Amino acid sequence: MMALILDVRTPAEVAEGHLEGALFVDFMADDFRDKVVELDKTADYIVHCRSGNRSGQAVVIMAELGFTGELINGGTLDEAAETTGAAIVK
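Worth saying up front: this structure is predicted, and the values here are computed from it rather than measured.

### Examining the overall build of the protein
- Counting secondary structure elements, the protein contains four helices and six strands.
- Relative to the 2.2 N^0.38 estimate, which gives 12 Å for 90 residues, the radius of gyration of the protein is 12 Å and therefore close to what a compact globule would have.
- Each of the three principal axes of the protein carries a C-alpha extent, and together these read 30 × 30 × 20 Å.
- Taking all contacts inside the protein whose residues are at least 6 apart in sequence as the whole, residues at least 24 apart take part in 66%.

Right, dumping it as structure tokens:
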């Protein structure tokens with residue numbers, strides 16, 4: 001199974017460009033945990049943000065919430081695009 005792409009940037013950041021087919025959950029939003037826990041906990045995820053900092057924190061939180069698939073910090077938008085082969089949509 002191909003890993004899902006999870007973009008944890010803010011809506012304003014996403015509007016500047018995002019990966020085709022990505023899921024979006026704003027790490028900075030008050031309801032981040034509530035939203036992310038609704039995702040498939042058995043799937044593999046490549047999580048990215050603007051710098052790799054928030055995505056790293058998101059991976060830790062997802063593990064704490066019981067996600068069992070592989071959780072990869074995909075770093076920045078460009079790094080995640082290179083890793084996944086997904087196109088950047090502007």
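### Comments concerning the packing of aromatic side chains
- In this structure the tally under the stated criterion is two aromatic pairs.
- Seen in terms of ring centroids, Phe-27 and Phe-32 are 5.0 Å apart; in terms of plane orientation they differ by 65°. Their pairing is edge-to-face. Here Phe-27 matches Phe-32 in class, with each residue buried.
- With centroids separated by 5.8 Å and ring planes inclined at 75°, the aromatic side chains of Tyr-45 and Phe-67 adopt a geometry described as edge-to-face. Of this pair, Tyr-45 sits in strand β4 (residues 45-48) while Phe-67 sits in the loop between α3 (53-64) and β5 (71-75), and the two are 22 residues apart along the sequence.
- Taking the relative accessible area as the measure of exposure, Tyr-45 reaches 1% and is therefore buried.
- You can call Phe-67 buried: its relative accessible area is 7%.

### Topic: the nonpolar core
- Ranked by internal contacts, the top residues of the largest apolar core, which has 17 residues, are Leu-6, Val-8, Phe-32, Val-36, Tyr-45, Val-47 and Met-62.
- The set of elements that each furnish at least two residues to this core consists of α2 (32-36), β4 and α3.
- With four residues, α3 is the largest single contributor of residues to this core.
- Excluding residues within four positions of it along the chain, Phe-32 makes contact with Val-8, Val-25, Asp-26, Phe-27, Ala-58 and Ile-61.

### A word on the pairing of β4
- Alternating residues of β4 divide into Tyr-45 and Val-47 and Ile-46 and His-48, and every residue in both groups is buried.
- The pairing of strand β1 (residues 4-7) with β4 spans four bridges and is parallel. Along β4, the bridge assignment pairs Leu-4 with Tyr-45.
- With four bridges joining them, β4 and β5 adopt parallel strand pairing. Residue Ile-46 lies in a different strand from β5, and its bridge partner there is Ile-72.
- In the classification by handedness, the crossover that spans β4, the intervening α3 and the parallel β5 is right-handed.

### Things to note about helix α4 (residues 77-84)
- Along α4, the residues that are buried comprise Leu-77, Ala-80, Ala-81 and Thr-84. Viewed end-on, α4 has its buried residues packed into an arc of 105°, placing them on one side of the element. Along α4, exposed side chains directed more than 90 degrees from the buried face belong to Asp-78, Glu-82 and Thr-83.
- At its buried positions, α4 is contacted by β1, β2 (18-19), β4, β5 and β6 (88-89).
- One or two steps after α4, the chain reaches Gly-85, where phi turns positive at roughly 80°.

Conventions and cut-offs
Residues numbered from 1 in each chain as written. Predicted model: local features only at pLDDT ≥ 70, side-chain atom pairs only at ≥ 80, totals over all residues. Heavy atoms only, no water. Helix = DSSP H or I, 4+ residues; strand = E, 2+ residues; numbered from the N terminus. Rg over C-alpha atoms; globule rule 2.2 N^0.38 Å. Contact = heavy atoms within 4.5 Å. Phe/Tyr/Trp six-rings, centres within 6.5 Å; stacked < 30°, edge-to-face > 60°. Buried < 20%, exposed > 50% of the residue type's maximum accessible area, 1.4 Å probe, protein only. Core = buried A, V, L, I, M, F, W, Y, C linked by side-chain atoms within 4.5 Å. Pairing = 2+ DSSP bridges. Right-handed = clockwise from strand over helix to strand, strands pointing away. Arc of directions from axis to C-beta.

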